[in-house]
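The residues making up each chain are set out below.
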Amino acid sequence: PRSGASPLPSPTGVDGLATPAPRSVVGSQAARTPRLGSPGARSDAPSSRRGPRIAHRGFLGSPPRSAYRREQEDEPLDAPEDGNFLYGTDINEMTVVRGFLRFLDEFRLPETEGPKSLYIAQLHRLWEECTQKERGIKFPISADHIHMFSVALYQQMVNFPTEVIPIFDRELWSLSVRLLNAEPEALGVCQVQVHTLLAKDSRIMRSMNPNDIEKLMSLKGIVIRVSDLMPDMLAAVFRCTTEDCKNEVSVPLSHWAIEEPTRCELCGATHSFQVVHNDSSFADKQLLKLQEPPELVPDGETPQNVAICVYDDLVDSVRPGDRIEVTGIYKAVPVRPNKNMRQCSAVFRTFVDAIAIVAEKKGRVDTPADEHEFEQGKPPRLADKPDLDPEHISEEEIRWNQRVRDLAAERDADGNPDIVRKLVQSFAPSIYEEDEVKKGLLCQLFGGTPKAAGATFKGRCRPEINTLLCGDPSTAKSQLLQYAFKLAPRGVYTSGKGSSAVGLTASINKDPTTGDLVLESGALVLSDRGVCCIDEFDKMDDSARAILHEAMEQQTVSVAKAGIVCSLNARCSILASANPKESSYDPKLSVVENIHLPKNLMSRFDFIWLMLDKRNKDMDSRLATHLVSMYSVAGMKKHREPPIDAELFRRYISFARRWVFPQISDPAAEALVKGYLDLRNQGTTKGTITATPRILETLVRISESLAKMELREEVTEADVVEAIRLLQTATYAAATDPETGLVDFDQFTVGKSRKQREREREIATMLQEILAERLSSGDPYTSIDGVKQIMNERFGERKEQLATDAEFMSALRDCEQQGLCRRQGKTIEAR
């Protein structure tokens, strides 16, 4: 738990007040607290029953002292002191205090400007930004900087964080009181949040061992579960139950426990106290479940999990699916096999007490702006330069944002924007050609403009773009999925055969600590505001695919299990890849017949890309040369770097998602209407559907994403024309009927083209005529083969294609359902 104060008697104490032990849920570290007669403990230390004025920071009741600062300039920094030693170590507390104060006063970076050091300026800035000073501040410090300044101080902090970090907290508070000339009661606690440890102190979950207990470490992982908020008691108020007494006593947390008073000092009654929960003080506490990231799991192993305890401002700072780096103290706690007995098991349960949590952004796109910003008002305009505001944006981010702006402003020799071509060439540069598919995937990563829900309607207009890659094997479908997954801010990569309906939505599990039933998020919920990549989409079970209908359009997942009824957000883009049923794509069949997928699910994809292995000698030669050059020495020398490096590429997409929100102009709106009507009227007859309102929404999203690529805040007519071209290249090519060569969207909704439906109606009509003739002749009974022979004779007279067995049996089943006939074995009775 977040260490509250030094476990040692504070030298800054007043009236003999000792600083309490750090707040914790663990009782196994009580031995680290100084005892009477032990080295470093004062013989006149008061009882721990005496509580501080403010519950969880004992040093707050003490006036600041300047005794830690060198009064004489000639005093050596490492002069021996007769002060307290940290229990169980040979580290002098005064040495830690001096080293930390020197670090705050003297540490500077090359880019640090002004007379103040880096962290003194940060301290002033944080107190100026703090509106409620009595609530205190959180003070981030990079462990890299401490190591650069003093290796000894860094080692002390890493090896004994439970003792050293509370000293940092105390001295930072004392320094704040001196710098601000404030009253001690007016300033709240100062909590140091150490982050960015050295690589040698970073751990992977499977390498943690008992030697790491009570040491500072950093872990990387994916949050898979976040518990509800739990109150953590800091000080309890006990009231005497004697009728005429009602004496109240406040007992603070001491040595990770609160002891009930046994005797009332007012009335003398024993064991008469009862805790008053409403008057007690609590802190926020939450439990996280952190899982190993997939790239760190060894071959053949399953991911491991670690429990994380977070307090105060770290509560609700992360969500399931976030990739984070946790800096904290590795702790062990005994387990009681029976809660009603004090006996503990010999096997301890371990967890990490979080001190700082940082989102892992390396190589990934940042999460876009929250939608509540649009509900509160208009989104920020790029022309106002909110991304260059030094009050809210760090200096490093401002430098990157300026580079992104300069990159978008570049022009080619003709004076036209050149950024889209560079983005396409920099996306998956190892994959040969497929520029149109890459452009479509870029549209998916940039996304459309979020729309605020109106007052007259509920729901959400999704800005996310769903994409399906289907076609022959070895056409780099899975490689494109992997590249998009590694760029996505959040997301899950899964395979169709290994995914179940519960794994995609949410599962019900029993919490090991409380025993309650809890929801554990599935792949779609973990991918909220990110990308969910599903490989081998055609091999997914029907029950699992049925879940996607709601998630792909309403962007929610509804759960009603074990008494838990809720609707979870699944605002993610679906990127799926599928192989044909017969392994190779058959151009004579439609895309629905080639791929075993539900018909109505196909219409929910904005892009359906056909990636076919075309037999072309020149193209095969260029592809082979490209592949061989990736492995040969000569080819590596000729290898050209992409126009945009990987980090700037990621920053560019993050910038567009965070700061650029294109709006549709009047000419673009007219072009959208005209383009939709043209697509709608492509059919040769009125019965053929060539565009649906869902296609119009797709055009809006693609147009907005194309404007985002050039960092424009207005969708132009050229964006609409390019969106229509991309849609025709992708989805309309897949929706073309191979028999007629015309676009027919009915096959996405019904599963059959217009010509197939007309053929079925013709066979059904002829069968009904034959049955009516048998009924009028007075002999309603006939054989199935006889009816089929009569039907094929009539088709032969018309010189039309004969009815196949499947077509005839389908028409016969329809007649049975309508009550026109009854089948008995191989005999048909007309009715």
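Refer to the structure above for everything that follows.
Let me sum up the structure you'll find in this document.

Thresholds, definitions, all that
Residues numbered from 1 in each chain as written. Predicted model: local features only at pLDDT ≥ 70, side-chain atom pairs only at ≥ 80, totals over all residues. Heavy atoms only, no water. Phe/Tyr/Trp six-rings, centres within 6.5 Å; stacked < 30°, edge-to-face > 60°. Helix = DSSP H or I, 4+ residues; strand = E, 2+ residues; numbered from the N terminus. Buried < 20%, exposed > 50% of the residue type's maximum accessible area, 1.4 Å probe, protein only. Polar contact = N/O pair within 3.5 Å; in protein donor to acceptor, adjacent residues only side chain to side chain. Contact = heavy atoms within 4.5 Å. Patch = residues over 30% accessible without salt bridge, like charges linked within 9 Å, V, L, I, M, F, W, Y side chains within 5 Å. Areas by Shrake-Rupley, 256 points an atom, 1.4 Å probe, with all protein chains shown as cover. Salt bridge = Lys/Arg side-chain N within 4 Å of Asp/Glu carboxyl O. Axes fitted to C-alpha atoms, helices over the stretch in contact; angles between N-to-C directions. Parallel < 35°, antiparallel > 145°, perpendicular 65-115°, else oblique. Left-handed = near helix turned anticlockwise from the far one by under 90°. Pairing = 2+ DSSP bridges. Core = buried A, V, L, I, M, F, W, Y, C linked by side-chain atoms within 4.5 Å.

Taken as a whole, this structure holds twelve aromatic pairs when the rule is applied. Ring geometry for Phe537 versus Phe605: centroids 5.9 Å apart, planes at 90 degrees, classification edge-to-face. A residue pair is termed long-range when its members are at least 10 positions apart, and Phe537 in the loop between strand E15 (531–535) and helix H13 (542–553) and Phe605 in the loop between helix H15 (599–602) and strand E19 (607–611) qualify at 68 residues. Each member of the pair, Phe537 as well as Phe605, carries the same accessibility label: buried. With 5.3 Å between their ring centres and 35 degrees between their planes, Phe607 and Trp609 make a pair best called tilted. Judged on exposure class, the residue Phe607 and its partner Trp609 are both buried.

Tracing the sequence through the fold places Asp719 in helix H21 (residues 717–734). The buried category is assigned to Asp719, whose relative accessible area is 7%. Among the polar contacts made by the side chain of Asp719, one reaches the side chain of Arg712 at a distance of 2.8 Å. A polar contact of 3.1 Å, which involves the side chain of Asp719, links it to the backbone nitrogen of Thr716. Residue contacts for Asp719: discarding those within four places in its chain leaves Ser703, Leu706, Ala707, Arg712 and Glu714.

Next up on the list: H13. Among all positions in H13, only Ala544, Arg545, Leu548, His549, Ala551, Met552 and Glu553 are buried. Downstream of H13 by a residue or two, Gln555 has a phi angle that is positive, lying close to 65 degrees.

Okay, a nonpolar patch on the surface next. A cluster of nonpolar residues, Leu623, Leu627, Met630 and Tyr631, forms a patch on the protein surface that exposes about 400 Å² of accessible area. Along the chain, Met630 turns up in the loop between helix H16 (617–629) and helix H17 (633–638).

Orientation of helix H1 (residues 93–106) relative to helix H5 (residues 161–180), taken along the N-to-C sense of each, is 55 degrees, at an axis distance of 10 Å. As summarised for this structure, H1 and H5 are arranged oblique, according to the angle between their axes. Remark: the crossing between H1 and H5 carries right-handed chirality. Contact residues: H1 offers Glu93, Val96, Val97, Phe100, Leu101 and Leu104, while H5 offers Val164, Ile167, Phe168, Arg170, Glu171, Leu172 and Leu175.

Burial runs high along strand E2 (residues 190–195): five of the six residues are buried. Inspection of the sheet shows strand E1 (residues 137–142) paired to E2 by six bridges, in the parallel sense. Residue pairing across strands places Ile141 opposite Val194, the latter belonging to E2.

For the rest of this paragraph, the subject is the sheet that holds strand E23 (residues 821–824). Reading across from one edge, E22-E24-E23 is the order of the three strands in this open sheet, with antiparallel pairing throughout. Edge positions in the sheet fall to strand E22 (781–783) and E23, since each of these pairs with one other strand and no more. For this sheet, the mean inter-axis angle between neighbouring strands, taken without regard to orientation, is 30 degrees. Where E23 lies against strand E24 (residues 827–830), four bridges are found, and the strand directions are antiparallel. Bridge assignment links Arg822 to a residue of E24, and that residue is Glu829.

Mapped onto the secondary structure, Tyr483 falls in helix H10 (residues 477–487). Tyr483 sits 56 residues away from Phe427 along the chain, and the two C-alpha atoms are 8.2 Å apart. Setting aside chain neighbours within four positions, we find Tyr483 in contact with Ser426, Phe427, Ala428 and Pro429.

What follows covers the nonpolar core. The nonpolar side chains of a soluble globular protein tend to be buried, and buried together. Ranked by internal contacts, the top residues of the largest apolar core, which has 66 residues, are Leu423, Phe427, Leu480, Tyr652 and Leu711. Leaving out residues up to four positions away in the same chain, Leu423 has contacts with Leu442, Phe446, Ile644, Phe649, Tyr652 and Met709. In terms of nonpolar packing, the next biggest core, distinct from the first, is built from 42 residues, Leu126, Ile141, Leu172 and Ile355 among them.

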